[in-house]
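Residues per chain, in single letters:
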Amino acid sequence: MLYNIPSRSGVALAEAAIAALIGHPNFWAVKESGGNPLRFAELKSAFPQIAWYSGDDVWFAEHALLGAAGLVSVASNVWPQQVADIVAKGLAGEAIGAVLRETAESLFVAPSPIPTKALMHYQQRIASNVLRLPLCAEDLASLAPLLAADLQWAAA
């Protein structure tokens, strides 16, 4: 599975690279995290022989409607069963509402994985929220948006 995460790599995965890999026995999917559902649809249409996974929790609803094969998720680390339920509904064509979009946005109030680790530590799901440089816990100004997101799942 190739990952297209231009916000992290600084450059989008080139269509020429995808085309060159079509037919390779180890190439079966792309995680599309470009932040643009229209581009997701264009790429899926251009390369239908591979599976296209949403790599953006906040765009999963749109990607599911466009035929995503699944979701490679950040939010599933924090809310595994809830996200799995949402993904199953979305892939089945059911309306999934906005809870995934709204809560996933909170996981990016600081560079990833800082918020995810902070919330998982708060939930006592991991023993330590220690980060490695250049990541720094001080980059997360407050747990408040994360705790609000966590409460949204409890109410959903």
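Here's what I pulled together on the structure shown here. Just so you know, these numbers come straight off a predicted model, no measurement behind them. (Residues numbered from 1 in each chain as written. Predicted model: local features only at pLDDT ≥ 70, side-chain atom pairs only at ≥ 80, totals over all residues. Heavy atoms only, no water.)

## Details of the overall build of the protein chain
Our working definition: Helix and strand labels come from DSSP, where a helix needs a run of H or I of at least four residues and a strand needs a run of E of at least two; each type is numbered from the N terminus. Atoms counted for the radius of gyration: C-alpha only. Globule rule: 2.2 Å times residue count to the power 0.38. Per-residue accessibility, obtained with a 1.4 Å probe over protein chains only, is compared with the maximum for each type, and a residue is labelled buried under 20%, exposed over 50%, and partly exposed between these values. The contact criterion used throughout is that any non-hydrogen atoms of two residues lie within 4.5 Å. With residues, only the protein chains shown are counted as cover, and all accessible areas are computed by Shrake-Rupley using a 1.4 Å probe. Residues scored as positive are Lys and Arg, those scored as negative are Asp and Glu, and His as well as the terminal groups of each chain are ignored. Note that the charge is assigned to NZ on lysines, CZ on arginines, CG on aspartates and CD on glutamates.
What the protein chain contains, in helices and strands, is nine helices and four strands. A compact globule built from 156 residues would reach a C-alpha radius of gyration of about 15 Å, and the protein chain, at 17 Å, matches this within 12%. In terms of overall dimensions, the protein chain has C-alpha extents of about 45 × 40 × 25 Å along its principal axes. Relative to its 156 residues, the protein chain shows a buried fraction of 35%. The contacts in the protein chain between residues at least 6 apart in sequence include a share of 55% that link residues at least 24 apart. In the form shown here, the protein chain has an accessible surface area of approximately 8500 Å², with 57% of it arising from carbon and sulfur atoms. Charged side chains of the protein chain number 9 positive and 13 negative; the gap between the two group centres comes to 6 Å.

## A closer look at the environment of Gly-34
Secondary-structure assignment places Gly-34 in the loop between β2 (29-32) and α3 (37-46). C-alpha of Gly-34 to C-alpha of Ala-88: the two residues are 54 residues apart in sequence and 22 Å apart in space. Those residues in contact with Gly-34 that lie beyond four places of it in its chain are Asn-4, Pro-6 and Asp-56.

## Comments concerning the layout of surface pockets
Note the following rule: Here the term cavity refers to a set of points on a 1 Å grid, laid over the protein atoms alone, in which a 1.4 Å probe fits but cannot get out; the term pocket refers to an open set having protein on both sides within 12 Å along at least five of seven lines, with lining residues being those that place an atom within 4 Å of a point. Grid points are joined across faces, edges and corners, and a volume is the space filled by probe spheres set on the points. Polar here means any residue other than Ala, Val, Leu, Ile, Met, Phe, Trp, Tyr, Cys and Pro, which are nonpolar, and Asp, Glu, Lys and Arg, which are charged; Gly is therefore polar.
In this structure, the largest pocket encloses a volume near 360 Å³. In this structure, the largest pocket is lined by 13 residues; those nearest its centre are Ile-5, Ser-7, Gly-55, Val-74 and Phe-108. Taken together, the residues of the lining of the largest pocket sort by class into five nonpolar, four polar and four charged.

## Things to note about the environment of Gly-70
Within the element layout of this structure, Gly-70 appears in strand β4 (residues 70-71). Along the backbone, Gly-70 and Glu-102 are 32 residues apart, and their C-alpha atoms lie at a distance of 19 Å. With near-sequence residues (within four places) excluded, Gly-70 lies in contact with Trp-52, Tyr-53, Ser-54, Phe-60 and Leu-91.

## A few points about the sheet that holds strand β1 (residues 2-4)
For clarity, the threshold we go by: We call two strands paired when DSSP finds no fewer than two bridges between them. Axes here refer to lines fitted to C-alpha atoms; in helices the fit is confined to the stretch in contact. Angles between the N-to-C directions go from 0 to 180 degrees.
Spatial ordering of the open sheet is given by β1-β2-β3-β4, a layout of four strands whose pairing is parallel. Single-partner strands in this sheet number two, and they are β1 and β4. In this fold α3 packs onto β2 and β3 (51-54), with an angle of close to 165° to the strand it touches most, β3.

## A closer look at the side chain of Ser-106
In this structure, Ser-106 sits in helix α7 (residues 99-106). Note on Ser-106: relative accessible area 7%, which makes it buried. Beyond its immediate stretch of four places on either side in the chain, Ser-106 contacts Trp-79, Pro-115, Pro-145, Leu-146 and Ala-149.

## Overview of the pairing of β2
Using the following cut-off: Viewed with both strands pointing away, a crossover whose connecting path from the first strand over the helix to the second turns clockwise is right-handed.
Of the two faces of β2, the one carrying Ala-29 and Lys-31 and the one carrying Val-30 and Glu-32 are both buried. Pairing of β1 with β2, which is carried by three bridges, proceeds in the parallel orientation. In the sheet register, Tyr-3 faces β2, and the bridge partner there is Lys-31. Relative to β3, β2 runs parallel, the two being bridged by four bridges. Along β3, the bridge assignment pairs Ala-29 with Ala-51. With α3 bridging β2 and the parallel β3, this β-α-β connection has right-handed handedness.

This is a description of form; function is not addressed.
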